[in-house]
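# Notes for the structure review
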Amino acid sequence: MTGIERIKIVCIKCLTLLMKIYYIFPIQKRQWVFISYCGTKYNDNPKYLSQYIQRNCPDISQIWVFNKDVIDFIDLPESIKKVRNKSLHYYYTILTSQVIIINDGIESFIPIRKEQLLINTWHGGGVYKTVSMTSPGANEYVKWLNTVPGRNISAYVLSSEYFKKTVVQDSFLFYGDTIKCGMPRNEVLFQNHPEFISNVERYIGAKIAPQAKVVLYAPTYRGVSENGKLYFGSEPLNIELIKQALEKKYDAPVVFLFRAHHAIKDSFLSGEYYDVSQYPDMQELIYISDILISDYSSCMWDFGLMEKPIIIYVPDLDKYDDDRGFFMNPYEWPYVMIKSNGEIIDKINEFDESQIIHGIRDLNNKLGSYENSEACKKCFDWILRKLEE
């Protein structure tokens with residue numbers, strides 16, 4: 001451990017002691033606070049849990065945390081309050097709420113009280129790329145963050161049994177309670193929601209023909225290059241070429257949607273497509289799409305629950321494997337792998353949709369999937385039982 005990292009630990013410990021001044025304030029029972037992607041969004045698992053609670057248990061007081069630059073632009077139901085991230089009111093809210101729901105990390109110096117529950121729903125259900133202690137950059141400082149501040153977490157939500165082993169235990173060194181309910185955001189993928197089509201049509205300003213094939217391209221974060229643009233490696237996807245290949249294969253028009261990672265400002269992509277990077281709900285995009293093109297993103301796990309074909313475009317596979325690494329060999333994933341634009345025509349012509357779907361089913365069974373149509377209810381019920389203990 002470096003000297004700077006040791007100083008960081010000392011600072012965290014000092015801030016933790018200082019934050020305990022908030023212990024003078026009582027915990028507000030029936031007050032729950034929600035944070036998605038560290039205050040940048042109103043989406044993902046926290047949003048779906050929040051909406052379920054509002055419908056089924058409106059007497060629970062809800063507070064959402066947002067960063068200063070977005071707090072005024074996010075519309076919430078009138079009954080839900082907002083608090084600005086990193087403010088004194090934020091720390092007061094965190095340390096006086098009975099339940100805290102997150103999908104990422106939380107400040108390591110916040111001393112969660114024994115009477116509180118901190119539920120981490122995480123933001124990636126698929127077990128693809130390594131993270132934290134299983135990633136190449138892991139060291140003693142990362143281990144300390146997982147084993148000391150990490151004890152604040154009361155439970156992790158599980159998408160699968162394999163996720164528990166590889167991510168929760170091996171990566172985050174967490175061996176406490178887990179909630180085998182599936183990801184709350186994914187329950188809509190098992191339900192009927194025809195309104196999602198209308199929602200997307202209004203956003204893109206165009207009608208989607210019933211016979212059209214909707215293709216969603218959603219690459220993961222690799223880092224950024226000049227001007228904060230998405231880095232694709234050596235060869236960005238040729239949108240027009242893949243549209244032509246899919247139109248010929250299915251004898252149907254193709255509507256192409258592009259969803260950038262939330263940490264990306266722009267991309268080098270060219271061609272005709274609808275940019276849905278700022279669309280508020282990824283699950284709605286997944287629901288209406290017929291084909292997903294991704295690379296190493298956990299949205300492949302979500303999309304696979306609908307048993308539709310998945311294509312991975314991975315021109316930087318070898319470099320990404322060296323830099324980040326995978327839990328499972330990408331060549332064993334049940335998807336169509338394309339490593340360059342030159343392979344697009346042949347790969348699209350060759351793939352068997354039924355074979356891909358069969359492979360996805362086998363993978364989900366192998367990993368021990370917990371995904372289902374009542375994930376929010378199961379997660380909420382687990383929390384209520386825990387509060388009664």
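Look above for the structure.
Described below are features of the structure shown in this document. (Residues numbered from 1 in each chain as written. Predicted model: local features only at pLDDT ≥ 70, side-chain atom pairs only at ≥ 80, totals over all residues. Heavy atoms only, no water.)

### As for the pairing of strand β2 (residues 61-66)
Burial runs high along β2: 5 of the 6 residues are buried. Where strand β1 (residues 28-35) meets β2, 4 bridges bridge the pair, whose relative direction is parallel. From the neighbouring strand, V33 faces β2, where its bridge partner is I63. A crossover connection joins β1 to the parallel β2 through helix α2 (residues 44-56); in handedness this β-α-β unit is right-handed. Of the strand pairs in this sheet, β2 and strand β3 (residues 81-84) are connected by 4 bridges, and their pairing is parallel. Across the sheet, the residue bridging to F66 is R84, located in β3. (Buried < 20%, exposed > 50% of the residue type's maximum accessible area, 1.4 Å probe, protein only. Helix = DSSP H or I, 4+ residues; strand = E, 2+ residues; numbered from the N terminus. Pairing = 2+ DSSP bridges. Right-handed = clockwise from strand over helix to strand, strands pointing away.)

### Notes on the packing of α2 against helix α13 (residues 375-388)
It is at 10 Å that the axes of α2 and α13 come closest, and there the two elements cross at 75°. Between α2 and α13, the interaxial angle falls into the category roughly perpendicular. Taken together, the residues of α13 that come into contact with α2 (itself represented by Y48, L49, Y52 and I53) are C376, K377, C379 and F380. (Axes fitted to C-alpha atoms, helices over the stretch in contact; angles between N-to-C directions. Parallel < 35°, antiparallel > 145°, perpendicular 65-115°, else oblique. Contact = heavy atoms within 4.5 Å.)

### Looking at the environment of E235
Note on placement: E235 falls in the loop between β8 (213-217) and α7 (239-250). What E235 contacts, discounting residues up to four positions off in sequence, is Y313, P315, S340, N341 and G342.

### Quick look at the sheet that holds β3
Ordered by their spatial adjacency, 7 strands build an open sheet running β3-β2-β1-β4-β5-β6-β7, and the pairing between neighbours is parallel. One side of each edge strand has no neighbouring strand; the edge strands of this open sheet are β3 and β7 (177-179). Geometrically, the sheet is characterised by an average inter-axis angle of 25° between neighbouring strands, direction not taken into account. With 2 bridges connecting them, strand β5 (residues 117-120) and strand β6 (residues 155-157) associate as parallel partners. Bridge pairing links I119 to A155 in β6.

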